Amino acid sequence: MKILLYILIFLFGTIIGSFLNGVIHRIPKKESIIYPPSHCPSCGHELNAVDLIPILSYILLKGRCRYCGEKISIRYPIVELLTGIVFLIIYYKFGLDFKAFSYMFLASILIAVSFIDIEHRIVPNKIILVGFIGGIIFRVLMYNYGFIDYIMGLVLGGGILLLISLISGGEMGGGDIKLMALIGFFIGWKLTILVLFLSVIIGALGGVILVALKIKGRKDYIPFAPYISIAWLISILYGYEMLNYYIKFIRG
């Protein structure tokens, strides 16, 4: 029974990932995510249900549109697989409760934002707004978790990146500031500090690797949202253990 639930959670994640692909493709173009229905980005042909099976359709079609033969971006199965895996990890760690669902919701936001940032170098306000609306709903449903802690997370997450942006003359993008504020609103101030710290470390390491591999130049734009997202996932999974270990370490 437990294995069946794991499979269902993964499949649910891949379906959400399929929806996120539409968000990633349409939001930067200022298109509706509802209409028109799913279609090939090359020829515009409306896709049938058999064309929209997460991951499997891409494999069966060998990465090409059934109707025009154009290549389908590898991003589509990657997003579906990634969302399924992340949902599975969250379920394994937290079970099925409001907290787990809130993390799945935020994970969806972060996955969409990360891929848009990679492809278009923006963090869309529309997605951040949806994130905050969802955050408010979850905060109401999870009132017993406290509220001040999460307001502090919002202020701390957005405030520190805003301060860095002001000091650096705008090197830190406004989208990253709003994204970090959103994350703080979901996880509270303690884990927000850890996310900020880890995102800088992971981002610096990732930047060095990209430059070393000549994928990016020293002056090229390097999206920060993916690093924030990775730091968030690490923090919700192991954050309190890491903080407790650090406290024990400094106390000797």
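See the structure printed just above.
Conventions used here
Residues numbered from 1 in each chain as written. Predicted model: local features only at pLDDT ≥ 70, side-chain atom pairs only at ≥ 80, totals over all residues. Heavy atoms only, no water. Helix = DSSP H or I, 4+ residues; strand = E, 2+ residues; numbered from the N terminus. Rg over C-alpha atoms; globule rule 2.2 N^0.38 Å. Buried < 20%, exposed > 50% of the residue type's maximum accessible area, 1.4 Å probe, protein only. Contact = heavy atoms within 4.5 Å. Areas by Shrake-Rupley, 256 points an atom, 1.4 Å probe, with all protein chains shown as cover. Lys, Arg positive; Asp, Glu negative; His and termini not counted. Charge placed at Lys NZ, Arg CZ, Asp CG, Glu CD. Phe/Tyr/Trp six-rings, centres within 6.5 Å; stacked < 30°, edge-to-face > 60°.

Asks: Before we move on, can you summarise the overall build of the protein with the specific residues and values?
Replies: When helices and strands are counted, the protein shows eight helices and zero strands. Starting at the N terminus and walking to the C terminus, you meet the elements of the protein as α-α-α-α-α-α-α-α. On C-alpha atoms alone, the protein measures out to a radius of gyration of 19 Å, which is about the 18 Å that the 2.2 N^0.38 rule sets for 252 residues. For the protein, buried positions account for 40% of its 252 residues. Summarising the internal contacts of the protein: among those between residues at least 6 apart in sequence, 68% fall at separations of at least 24. Of the roughly 14500 Å² that the protein leaves accessible, carbon and sulfur atoms contribute 70%. Distance between charge centroids for the protein: 4 Å, based on 22 positive and 13 negative side chains.

Asks: With reference to specific residues and values, describe the packing of aromatic side chains.
Replies: Scanning the model with the defined rule gives nine aromatic pairs in all. Relative to Trp 232, the ring of Tyr 103 has its centre 6.0 Å away and its plane inclined at 80°; by these criteria the two rings are edge-to-face. Highlighted residues: Tyr 103 in helix α4 (residues 98-120) and Trp 232 in helix α8 (residues 225-251), separated in sequence by 129 residues. Of the two residues, Tyr 103 and Trp 232, neither departs from the other in class, the shared state being buried. Ring centres 6.3 Å apart and planes at 90° place the aromatic pair Phe 147 and Phe 185 in the edge-to-face group. Here Phe 147, found in the loop between α5 (125-141) and α6 (148-168), pairs with Phe 185, found in helix α7 (residues 174-212); they are 38 residues apart in sequence, far enough to count as distant.

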